[in-house]
Amino acid sequence: NAGVTQTPKFRVLKTGQSMTLLCAQDMNHEYMYWYRQDPGMGLRLIHYSVGEGTTAKGEVPDGYNVSRLKKQNFLLGLESAAPSQTSVYFCASISPPPWDRAQPQHFGDGTRLSIL
Amino acid sequence: DAKTTQPPSMDCAEGRAANLPCNHSTISGNEYVYWYRQIHSQGPQYIIHGLKNNETNEMASLIITEDRKSSTLILPHATLRDTAVYYCIVRVVYIGNTPLVFGKGTRLSVIA
């Protein structure tokens, strides 16, 4: 997907290890989001950010931390990985519209994370 | 944001129109209807959105009923590459920072 890049694309971790997922967007978007998707389920929001230096919790924030030090980057961290965090992680971004218009979110291609 | 109801799965013959329904009976006046799809675990792809008028773009058409309680996404000539999970989402335009909420969607299978 043009504009939103996620790294890495795949990763295998052992229980207790830590890692950081990177999301980068080049569209000068203000808002960024981290979702997770488990087999057979829709996307669930983990954390989001409405601007540089701000973050907020979503639906399933436990076990994750985030940072938005630069406008174009949104980092998702797992301090102590658990098997329950095995999932596909998607990042998305959007720019606040004019109040009379709506904008779509743009998604990255995902990071597939397995925790053994 | 209003809740949506979609059938879990649908089949469509290749070359025919695919009509995907969505019920959103509790939609409020300032909520848009968005459609996304997800092909084979790729990132969700935006398709179309609308408020109350019917909308058309290069990918699809969106028909919203006059009472706005339901809508239909139409893929006019479905191809095998349109096989995907389709999500109908209703949400307000940004007043604050409410993100998209994805349900389980409709799995569309286009059959040759």
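Before any of the text, the structure's been laid out above.
It should be emphasised that the depicted structure is a prediction, and the values quoted were computed from it without experimental measurement.

Peer 1: Can you help me understand the overall build of chain B in this one?
Peer 2: Check the secondary structure of chain B and you find zero helices and nine strands. Expressed as lengths along the three principal axes of its C-alpha atoms, the size of chain B is roughly 45 × 30 × 25 Å. Taken as a whole, chain B presents about 5,600 Å² of accessible surface, with 51% of it coming from carbon and sulfur. Where the 10 positive side-chain charges of chain B centre and where its 9 negative ones centre are 5 Å apart.

Peer 1: What exactly am I supposed to notice about the side chain of Gln6 of chain B here?
Peer 2: Residues and elements named next belong to chain B. With respect to the element layout, Gln6 can be found in the segment before strand S1 (9-13). Here Gln6 falls in the buried class, since its relative accessible area comes to 17%. In terms of polar contacts, Gln6 uses its side chain to reach the backbone amide nitrogen of Cys88, at 2.9 Å. If near-sequence neighbours (up to four positions away) are discounted, Gln6 is found in contact with Pro21, Cys22, Trp35, Tyr86, Tyr87, Cys88, Gly105 and Thr106.

Peer 1: I keep staring at the layout of surface pockets and nothing clicks. Help me out?
Peer 2: With a probe scaled to a water molecule rolled over the atoms, the places where space remains empty come into view. Size it by volume and the largest pocket reaches roughly 740 Å³. For the largest pocket, the lining is made up of 33 residues, of which Met41 and Gly42 of chain A together with Tyr87, Gly103 and Lys104 of chain B are closest to its centre. Only strand S9 (87-94) of chain A together with strand S8 (84-92) of chain B provide two or more residues apiece to the lining of the largest pocket. Across the lining of the largest pocket, the residue classes break down as 14 nonpolar, 14 polar and five charged.

Peer 1: In this structure, what is going on with the pattern of salt bridges? I would like to understand it.
Peer 2: Under the criterion given, the structure shown has four salt bridges over all chains. Between Asp38 of chain A and Arg44 of chain A there is a salt bridge, with the nearest N and O atoms lying 2.5 Å from each other. We classify Arg44 of chain A as partly exposed; its relative accessible area is 22%. Here Arg37 of chain B ties to Asp82 of chain B by a salt bridge, and the two come within 2.8 Å at their closest N and O atoms. Highlighted residues: Arg37 of chain B in strand S3 (residues 31-38) and Asp82 of chain B in the loop between strand S7 (70-75) and S8, separated in sequence by 45 residues. Both residues of the pair, Arg37 of chain B and Asp82 of chain B, count as buried.

Peer 1: How should I be thinking about the side chain of Glu31 of chain B in this particular structure?
Peer 2: Residue and element names in this part refer to chain B. Structurally, Glu31 is set in strand S3. Arg68 provides the closest opposite charge to the buried, salt-bridge-free Glu31, at an N-O distance of 6.4 Å. At 2.9 Å, the side chain of Glu31 and the backbone nitrogen of Ser28 are in polar contact.

Peer 1: So what exactly am I meant to see when it comes to the sheet that holds S7 of chain B here?
Peer 2: Two pairing modes exist for strands in a sheet, parallel and antiparallel, and in both the strands are linked by backbone hydrogen bonds. All names here are of chain B. Judged by pairing direction, the sheet is antiparallel, and its four strands sit side by side in the order S2-S7-S6-S5 without closing on themselves. In this open sheet, the two strands that pair with only one neighbour each are strand S2 (18-23) and strand S5 (55-56). Pairing analysis gives four bridges linking strand S6 (residues 61-64) to S7, with the strands arranged antiparallel. Looking at S7, one finds that Ile64 is bridged to Ser71.

Peer 1: Looking at this structure, I do not really get the environment of Ala82 of chain A. What am I missing?
Peer 2: Residues and elements named next belong to chain A. Looking at where Ala82 falls in the secondary structure, it is placed in the loop between strand S8 (73-78) and S9. Its relative accessible area of 24% is what places Ala82 among the partly exposed residues. Spatially, the C-alpha atom of Ala82 lies 5.1 Å from that of Thr15, the residues being 67 residues apart in sequence.

Peer 1: Would you take a moment to explain the state of the cysteines for this structure?
Peer 2: As used here, a disulfide is simply a covalent bond connecting the sulfur atoms of two cysteines. Following the criterion strictly, the structure yields two disulfides over all chains and no others. Cys23 of chain A shares a disulfide with Cys91 of chain A; S-S distance 1.8 Å. The disulfide joining Cys23 of chain A to Cys91 of chain A has a torsion of about -75 degrees about its S-S bond and is therefore left-handed. Highlighted residues: Cys23 of chain A in strand S3 (residues 19-25) and Cys91 of chain A in strand S9, separated in sequence by 68 residues. In this structure, Cys23 of chain A and Cys91 of chain A share a single accessibility class: buried. Here Cys22 of chain B connects covalently by a disulfide to Cys88 of chain B, the sulfurs 2.1 Å from one another. What sets the handedness of the Cys22 of chain B and Cys88 of chain B disulfide is the S-S torsion sign, and at about -80 degrees it is left-handed. With Cys22 of chain B in strand S2 and Cys88 of chain B in strand S8, this residue pair connects regions lying 66 residues apart in the sequence. Note on accessibility: Cys22 of chain B and Cys88 of chain B belong to one class, buried. Between Cys12 of chain B, a cysteine without a disulfide, and Cys22 of chain B, which holds the nearest cysteine sulfur, the sulfur-to-sulfur distance is 18 Å.

Criteria and thresholds
Residues numbered from 1 in each chain as written. Chains lettered and ligands numbered in written order. Predicted model: local features only at pLDDT ≥ 70, side-chain atom pairs only at ≥ 80, totals over all residues. Heavy atoms only, no water. Helix = DSSP H or I, 4+ residues; strand = E, 2+ residues; numbered from the N terminus. Areas by Shrake-Rupley, 256 points an atom, 1.4 Å probe, with all protein chains shown as cover. Lys, Arg positive; Asp, Glu negative; His and termini not counted. Charge placed at Lys NZ, Arg CZ, Asp CG, Glu CD. Buried < 20%, exposed > 50% of the residue type's maximum accessible area, 1.4 Å probe, protein only. Polar contact = N/O pair within 3.5 Å; in protein donor to acceptor, adjacent residues only side chain to side chain. Contact = heavy atoms within 4.5 Å. 1 Å grid on protein atoms, 1.4 Å probe; cavity = no way out; pocket = protein on both sides within 12 Å on 5 of 7 lines; lining within 4 Å. Points joined across faces, edges and corners; volume = space filled by probe spheres on them. Nonpolar A, V, L, I, M, F, W, Y, C, P; charged D, E, K, R; others polar. Salt bridge = Lys/Arg side-chain N within 4 Å of Asp/Glu carboxyl O. Pairing = 2+ DSSP bridges. Disulfide = S-S within 2.5 Å.

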